[in-house]
Amino acid sequence: MEHFKFEDMNISPEICQAVLDMGFEEATPIQSQAIPLIQQGRDIIGQSQTGTGKTAAFGIPCLERIQADDRRLQALILCPTRELAIQVSEEFRKLLKYKENIRVVPIYGGQPIDRQILALKKGAQVVIGTPGRVMDHMRRRTLKMETVQMMILDEADEMLDMGFREDIETILVKIPEDHQTLLFSATLSPEILDITKRFQKDPAYVKIVRKELTVPSIEQYYFDVREKTKLEALTRIIDVYMPNLAMVFCNTKKRVDDLVESLQGRGYFAEGLHGDLKQAQRDKVMQKFRNGTIEILVATDVAARGIDVDDIDIVFNYDVPQDEEYYVHRIGRTGRAGRSGKAFTFCVGKEIYKLRDIMRYTKTKIVQQKLPTLSDVEEMKTNIFLEKIKDSIQSGGLTKYVNLVERLMDEDFAAIDIAAALLKHNLADVRTDDLDVLEDINCDETNLYGGDSEKMVRIFLNAGKKQKIRAKDIVGAIANEAGVPGKALGAIDLFDDYTFVDVPREYLRDVIHGMKHAKIKNKKVHVEVAKKDKQKKKR
Ligand code: ADP
Ligand code: MG
């Protein structure tokens, strides 16, 4: 994808500023390629899909060429329909925001011809019209072709489909020899090529094709998720695949910031990259990413474009990209240099249609996958741990520890029991069965959430009033054991033998794990996520 900055192109400051005001951050590929060629005076055949900015591709160089002090017609643009003629003239007017004395007049059927005649008589350097009406004005001599220097056929394929071929030819033969002819179209047919052969001089052919996937080693999957389960989904996948470097794409700066905060809150080494960051900050983030201090880089498309990192294991589309080309660009971040890579896309509801478009354009299959369950996460972590043990055995240097084992064996413990006990200690952290109730976020969540709001999860604690427990004891214990501030907690409902506490979802893990060995009033307590049906019955 080739994108120039408008500032770096040979464009007057007035138009450059207007373009920036229009919110264009950089030139689209057709603009990047066509504008310089048009500025050199070349005839052009410009081909690119609808919506790729063809109007400005001819509009900018066209308007730059207009002599403001000459009131005569200098550029004529033919469009297939009245709506398109109006659209193009509106875009031209925006481009002219900081330029004076250039008049743009649209002319089309359906509008009283007298008004158009009046407008043309005042002098218009640029006329944008439909072929029928333009011919009409030509015959009336309200449009004089002798001074036209630039002739533009916009949406040529549509004009031919609508049967304007003869009209177009009638108009084109009236234009003086010495002029530039530009033709823009989403598709090219033999008929269009016929016209270009007759009316263009050695045209440069600028074709922007949607990039196809050139990295077949990328495995692409999508997950059907809900907006509010995206974070859980992301962290689970990361926990299972344990990428060294992952890149996560969001569609806006705000979403980048929010996600980075949530990930950091869960203890991941994540940083964000987007257009609001100063160069020095960006450099710092990239430095960290390269030297492995961060494992997850969250970015917008524009911010990610400049970066060059080779060994990204997984690319996440946290949001489905708006543009098919962005998708290709995003996932092209992984699987470089012959390595294998994975691309995971989160898809919410109807976004599946957008994803299907992407599949069609990229001619690839993006396969649906189920999110890893918590037991998958556990299994994966266990496997990794066992691999580590094998590695340790193979690399030796264990004498000191062998001595410890022998000490225990001298006390008549069996080697297998000692090993098992050690594994139990090490793997205890991995066990996640307390969270089993959150097991499958692929499916209906209605059973998962208790509490006052979706942000809260209700937990159950097996001690209550009878044990003389007060709300502040619970707040204290959770603050101490799980590091969760009391003000973050929601409602605390004390019953005789048990208590419900509403915990913010992002702290759930911390609370469940932290409270595992906690005591309140010197009594060991057990904490688990409250089941919804249980809550109802109990309340
Ligand atoms: P096409 O003629 O190729 O179908 P348009 O010229 O109508 O495309 O442009 C489609 C949309 O993209 C318009 O809303 C236009 O304002 C916008 N656009 C054009 N160029 C850029 C750019 N460089 N950056 C962002 N948006 C752009
Ligand atoms: Mg167009």
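Residues numbered from 1 in each chain as written. Chains lettered and ligands numbered in written order. Predicted model: local features only at pLDDT ≥ 70, side-chain atom pairs only at ≥ 80, totals over all residues. Heavy atoms only, no water.

Quick look at the packing of helix 16 (residues 374–395) against helix 18 (residues 415–427)
Where helix 16 meets helix 18, the closest approach of the two axes is 11 Å, and the angle between their N-to-C directions is 130 degrees. Of the possible angle classes, the one that applies to helix 16 and helix 18 is oblique. Note on packing geometry: the crossing formed by helix 16 with helix 18 is right-handed. Along its contact with helix 16, which presents Thr-382, Phe-385, Leu-386 and Ile-389, the element helix 18 presents Leu-423, Asn-426 and Leu-427. Taken together, the residues of the contact of helix 16 with helix 18 break down into five nonpolar, two polar and no charged. (Axes fitted to C-alpha atoms, helices over the stretch in contact; angles between N-to-C directions. Helix = DSSP H or I, 4+ residues; strand = E, 2+ residues; numbered from the N terminus. Parallel < 35°, antiparallel > 145°, perpendicular 65-115°, else oblique. Left-handed = near helix turned anticlockwise from the far one by under 90°. Contact = heavy atoms within 4.5 Å. Nonpolar A, V, L, I, M, F, W, Y, C, P; charged D, E, K, R; others polar.)

Description of a nonpolar patch on the surface
Together, Leu-386, Ile-389, Ile-393, Leu-398, Tyr-401, Val-402 and Leu-404 give the surface a local cluster of nonpolar side chains, amounting to about 580 Å² of exposed area. Contributions of two or more residues to the nonpolar patch are made by helix 16 and helix 17 (399–410). Examined against the element boundaries, Leu-386 turns out to sit in helix 16. The class of Leu-386 is partly exposed, set by a relative accessible area of 34%. (Patch = residues over 30% accessible without salt bridge, like charges linked within 9 Å, V, L, I, M, F, W, Y side chains within 5 Å. Areas by Shrake-Rupley, 256 points an atom, 1.4 Å probe, with all protein chains shown as cover. Salt bridge = Lys/Arg side-chain N within 4 Å of Asp/Glu carboxyl O. Buried < 20%, exposed > 50% of the residue type's maximum accessible area, 1.4 Å probe, protein only.)

Focus on the nonpolar core
If you look at the biggest cluster of nonpolar residues, it comprises 41 residues, and the most contacted ones within it are Ile-60, Leu-63, Phe-92, Val-126, Ile-128 and Phe-184. When residues of this core are assigned to their parent elements, the largest contribution, six residues, is made by helix 3 (residues 54–65). Setting aside its immediate chain neighbours within four residues, Leu-63 contacts Ile-15, Phe-92, Leu-95, Leu-96, Ile-102 and Val-126. Counting 30 residues, the second largest nonpolar core, distinct from the first, contains Val-105, Met-151, Met-159 and Leu-172. (Core = buried A, V, L, I, M, F, W, Y, C linked by side-chain atoms within 4.5 Å.)

Side note on the site of ligand 1
Surveying the vicinity of ligand 1 reveals 15 residues, the closest of which are Glu-26, Gln-31, Gly-51, Lys-54 and Thr-55. Thr-55 is positioned such that a nitrogen or oxygen atom in its side chain is 2.6 Å from an oxygen atom of ligand 1. When ligand 1 sits alone it has 570 Å² of accessible area, and the protein chains cover 71% of it. Of the residues that constitute the shell around ligand 1, the class distribution is three nonpolar, eight polar and four charged. (Near = heavy atom within 4 Å. Polar contact = N/O pair within 3.5 Å; in protein donor to acceptor, adjacent residues only side chain to side chain.)

Description of the pattern of salt bridges
The full count for this structure, using the stated rule, is 28 salt bridges. Note that Glu-64 is salt-bridged to Lys-99, the shortest N-O span being 3.7 Å. Of this pair, Glu-64 sits in helix 3 while Lys-99 is found in the loop between helix 4 (82–95) and strand 3 (104–107), placing the two residues 35 residues apart along the sequence. We note a salt bridge from Arg-458 to Asp-502, for which the minimum N-O separation is 2.7 Å.

Topic: the side chain of Gln-74
Mapped onto the elements, Gln-74 comes out in the loop between helix 3 and strand 2 (75–78). Polar contacts involving the side chain of Gln-74 include one to the main-chain carbonyl oxygen of Asp-70, which spans 3.0 Å. Not counting the four nearest positions on each side in its chain, Gln-74 is found in contact with Arg-65, Ile-66, Gln-67, Gln-125, Thr-147, Val-148, Gln-149 and Met-150.

Details of the environment of Val-529
Inspection of the secondary structure puts Val-529 in strand 20 (residues 527–529). Its relative accessible area of 1% is what places Val-529 among the buried residues. Between the C-alpha atoms of Val-529 and Ile-512, which are 17 residues apart in sequence, the distance is 8.1 Å.

Describing the packing of aromatic side chains
The final tally for this structure, using the stated rule, is 15 aromatic pairs. A ring pair is formed by Tyr-221 and Phe-344, whose centres lie 5.9 Å apart and whose planes are at 35 degrees; its orientation type is tilted. Of the two residues, Tyr-221 sits in strand 8 (residues 218–225) while Phe-344 sits in strand 13 (residues 341–348), which places them 123 residues apart along the sequence. One exposure class covers both Tyr-221 and Phe-344, and it is buried. Here a set of aromatic residues connected by ring pairs shows up, and it is made of Tyr-221, Phe-223, Tyr-241, Phe-316, Tyr-318, Phe-344 and Phe-346. It is Lys-230 that lies over the ring of Tyr-318; its NZ or CZ is 5.5 Å from the centre. (Phe/Tyr/Trp six-rings, centres within 6.5 Å; stacked < 30°, edge-to-face > 60°. Lys NZ or Arg CZ within 6 Å of the ring centre and 35° of its normal.)

Section: the sheet that holds strand 8
What the seven strands build is an open sheet, ordered 10-11-9-12-13-8-14; its pairing is parallel. Each edge of the open sheet is held by one strand with a lone partner, namely strand 10 (270–273) and strand 14 (367–368). Bridge count between strand 8 and strand 14: two bridges; the pairing is parallel. Paired with Tyr-221 across the two strands is Val-367, which belongs to strand 14. Strand contacts of helix 14 (residues 324–331): strand 8, strand 9 (246–249), strand 12 (314–317) and strand 13, with the helix running at about 155 degrees to strand 12, the strand carrying the most contacts. (Pairing = 2+ DSSP bridges.)

Let's talk about the environment of Val-367
Here Val-367 shows up in strand 14. C-alpha of Val-367 to C-alpha of Ile-520: the two residues are 153 residues apart in sequence and 49 Å apart in space. Discounting chain neighbours no more than four positions away, the residues touching Val-367 are Gln-220, Tyr-221 and Tyr-222.

Structural notes on the pairing of strand 1 (residues 44–47)
Side chains Ile-44 and Gly-46 of strand 1 all project onto a buried face; the interleaved residues Ile-45 and Gln-47 project onto the opposite face, where all are buried too. Across four bridges, strand 1 lies against strand 7 (residues 204–207) in parallel orientation. Along strand 7, the bridge assignment pairs Gly-46 with Val-206. For strand 1 and strand 6 (residues 180–185), the ladder comprises four bridges, and the chain directions are parallel. Residue pairing in the sheet places Gln-47 in a bridge with Ser-185 of strand 6.

Observations concerning the packing of helix 5 (residues 113–121) against helix 6 (residues 131–140)
Contact pair helix 5 / helix 6: the axes reach a minimum separation of 12 Å and the direction vectors enclose 65 degrees. Classified by chirality, the crossing of helix 6 by helix 5 is right-handed. Of helix 6, the residues touching helix 5 (which contributes Ile-113, Gln-116, Ile-117 and Leu-120) are Arg-133, Asp-136, His-137 and Arg-140. Split into classes, the residues belonging to the contact of helix 5 with helix 6 amount to three nonpolar, two polar and three charged.

Quick look at helix 2 (residues 29–39)
Extensive coverage of helix 2 is indicated by the burial of eight of its eleven residues. Among the residues of helix 2, Pro-29, Ile-30, Gln-31, Ser-32, Ala-34, Ile-35, Leu-37 and Ile-38 are the ones counted as buried. Looking at the packing, one finds that the buried side of helix 2 touches strand 1, helix 3, strand 5 (150–153), strand 6, strand 7 and helix 14. Just downstream of helix 2 lies Gly-41, where phi reads positive at about 95 degrees.

Some thoughts on the environment of Glu-295
Looking at where Glu-295 falls in the secondary structure, it is placed in the loop between helix 12 (279–290) and strand 11 (296–299). Separated by 265 residues in the primary sequence, Glu-295 and Ile-30 have C-alpha atoms spaced 36 Å apart. Glu-295 has contacts with Asn-244, Leu-245, Ala-246, Tyr-268, Phe-269 and Phe-289, leaving out every residue within four places of it along the chain.

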